[in-house]
Structure formats: structure tokens, C-alpha cells
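Here are the chains, one letter per residue:
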Amino acid sequence: QGSPARSRLAAGDAAGEGGDVTTLMVRGLPRKYTAAELAEELRAFSTGVFDFVYVPCDPKTPFNLGYAFVNFVDAPTAAEFKELMDGTTWRLVERVKTIKIVTAQVQGLHNNISHCAQRLTPDIDEARLPLVIHAGREISFAESVALFGGPGVSFSSDVDEQR
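Residues numbered from 1 in each chain as written. Predicted model: local features only at pLDDT ≥ 70, side-chain atom pairs only at ≥ 80, totals over all residues. Heavy atoms only, no water.

Student: Requested: an account of the overall build of the chain, with residues and values cited.
Tutor: Scanning the chain from N- to C-terminus turns up 6 helices and 6 strands. Reading the helices (α) and strands (β) of the chain from amino to carboxyl end gives α-β-α-β-β-α-β-α-β-β-α-α. Each of the 163 residues in the chain was classed as buried or not, and the buried ones make up 42%. Considering only intrachain contacts with a sequence separation of at least 6, the fraction spanning at least 24 residues in the chain is 67%. As displayed, the chain offers around 9100 Å² of accessible surface, 50% of which is attributable to carbon and sulfur atoms. (Helix = DSSP H or I, 4+ residues; strand = E, 2+ residues; numbered from the N terminus. Buried < 20%, exposed > 50% of the residue type's maximum accessible area, 1.4 Å probe, protein only. Contact = heavy atoms within 4.5 Å. Areas by Shrake-Rupley, 256 points an atom, 1.4 Å probe, with all protein chains shown as cover.)

Now the structure itself:
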């Protein structure tokens, strides 16, 4: 018997909410990149093509872990991005780092938001939270969880409450 996560993956999570791959893991990320900087790189590819960017960070340093997760609005766009960018280098850094793109285990906007909401703590620095775009504008992670997190999933941030 496999773990519940593996069972969910076998049941279709890895193929996305509609059965297609929309979420990619981007490796070779410059360690100083934030989600906002990665989003700037992605916008150079095309605008309006992604709705989720998460750059996991090392909790003991100001740096990321060298990879990120990006959910694209549809499977053809994700496939095109992978084809065009895999093996290339980053525009915004002088040091040459090769981009390696693979299919992420968690697929789809809703699944990624739920996954992160269950693993991140509300006291995390806002710059380290996933970047979520809805209806053409960036929304807070707490708002995205309320909209898309699903039943029983919650996330409240002191930052949002102080606004």
C-alpha cells in the first residue's frame, strides 16, 4: 500500500485538475530570486499565461532552494514554456544558470494553493508566500486560499489583518 499522497497522485493529481499538465517545477533558479523576480522572467515569455508562482525558501537563510513551481493557465501553454525554456539560461542574472523544467507532482491552481496552505505558516514573510494571480491581478495568498483552497483549508496572515 502506498501513502495517501501517492494514491492521490495515481488517481490523477499528477495529471492536473483537467487531466493535463499545467504545473511545472523549474530547477536551476538563481538562489536570490523571489517569486516576483521569477514572475518578471515569466512575463518576458508571455503575459497572462500563469496564475501561480511559488519559490520555496530556506528558512535559515534569505535564499530560495534553487527551484520553483509555476502553474500555467492551460496545458498547451505549459508545454510550450517547457519546450522553449528547458535548457536555456536566465535573463536577469549575470551568472549562467541552466534552466531545467520537469512536471510537478502537484498539479493545478487549486491543488497547489491547498498544498501550500497546509504546509506554510501564517507568520511567514509575505515575500516568501506564493504569488497568485486571479482575474488579471495579484491577490494575497490568504485571499487565494479563501477563494480556491477547498473545504477545510484555511490560511490567515497577520500581514493581511494589519492592512
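Student: Can you tell me about the nonpolar core, naming the residues and giving the values?
Tutor: With 23 residues, the main nonpolar core has Leu38, Leu42, Phe50, Val53, Phe72 and Phe81 as its most contacted residues. Every element with two or more residues in this core is listed here: strand 1 (23-27), helix 2 (35-45), strand 2 (50-54), strand 3 (67-72), helix 3 (75-85) and strand 5 (131-134). Sorting elements by how many residues they give to this core places helix 2 first, with 4 residues. The residues contacting phenylalanine 81, other than those within four sequence positions of it, are Leu24, Val26, Leu42, Phe45, Phe72, Asp86 and Ile101. Grouped together as the second largest cluster of nonpolar side chains are 18 residues, Met25, Phe52, Ile124 and Phe141 included. (Core = buried A, V, L, I, M, F, W, Y, C linked by side-chain atoms within 4.5 Å.)

Student: Before we move on, can you summarise the pairing of strand 1 with the specific residues and values?
Tutor: Across the 5 residues that make up strand 1, a large majority, 4, are buried. Pairing geometry for strand 1 and strand 3, over 5 bridges, is antiparallel. When the sheet's bridge partners are listed, threonine 23 is paired in strand 3 with asparagine 71. Pairing geometry for strand 1 and strand 4 (residues 100-103), over 4 bridges, is antiparallel. Across the sheet, residue methionine 25 finds its bridge partner in strand 4, namely valine 102. (Pairing = 2+ DSSP bridges.)

Student: How would you explain the side chain of glutamine 107 if you had to name every residue and give the values?
Tutor: Tracing the backbone through its elements, the reader meets glutamine 107 in the loop between strand 4 and helix 4 (109-119). Accessibility expressed as a relative area gives 0% for glutamine 107, which makes it buried. From its side chain, glutamine 107 meets the backbone oxygen of threonine 23 in a polar contact 2.7 Å long. Engagement of the side chain of glutamine 107 in a polar contact is seen with the backbone oxygen of alanine 104, the distance being 2.8 Å. (Polar contact = N/O pair within 3.5 Å; in protein donor to acceptor, adjacent residues only side chain to side chain.)

Student: Which residues make up helix 5 (residues 141-148), and what are the values?
Tutor: Along helix 5, the residues classified as buried are Phe141, Ala142, Ser144, Val145 and Phe148. For helix 5, the angular spread of the buried residues around the axis is 160 degrees, confining them to a single face. (Arc of directions from axis to C-beta.)

Student: Outline the pattern of salt bridges, supporting the account with residue identities and numerical values.
Tutor: Evaluation of the coordinates by the stated rule reveals 1 salt bridge. The shortest N-O distance in the salt bridge between glutamate 143 and arginine 137 comes to 3.2 Å. Owing to a relative accessible area of 44%, arginine 137 belongs among the partly exposed residues under this scheme. (Salt bridge = Lys/Arg side-chain N within 4 Å of Asp/Glu carboxyl O.)

Student: Mind laying out helix 4, listing which residues take part and the relevant values?
Tutor: Within helix 4, the full set of buried residues consists of Leu109, Asn112, Ile113, Ser114, Cys116 and Ala117. Tucked inside the fold, the buried residues of helix 4 contact strand 1, strand 2, strand 3, strand 5 and helix 5.

Student: Quick rundown of the environment of threonine 47? Include the residues and the values.
Tutor: Looking at the secondary structure, you find threonine 47 in the loop between helix 2 and strand 2. With relative accessibility at 61%, the residue threonine 47 sits in the exposed group.

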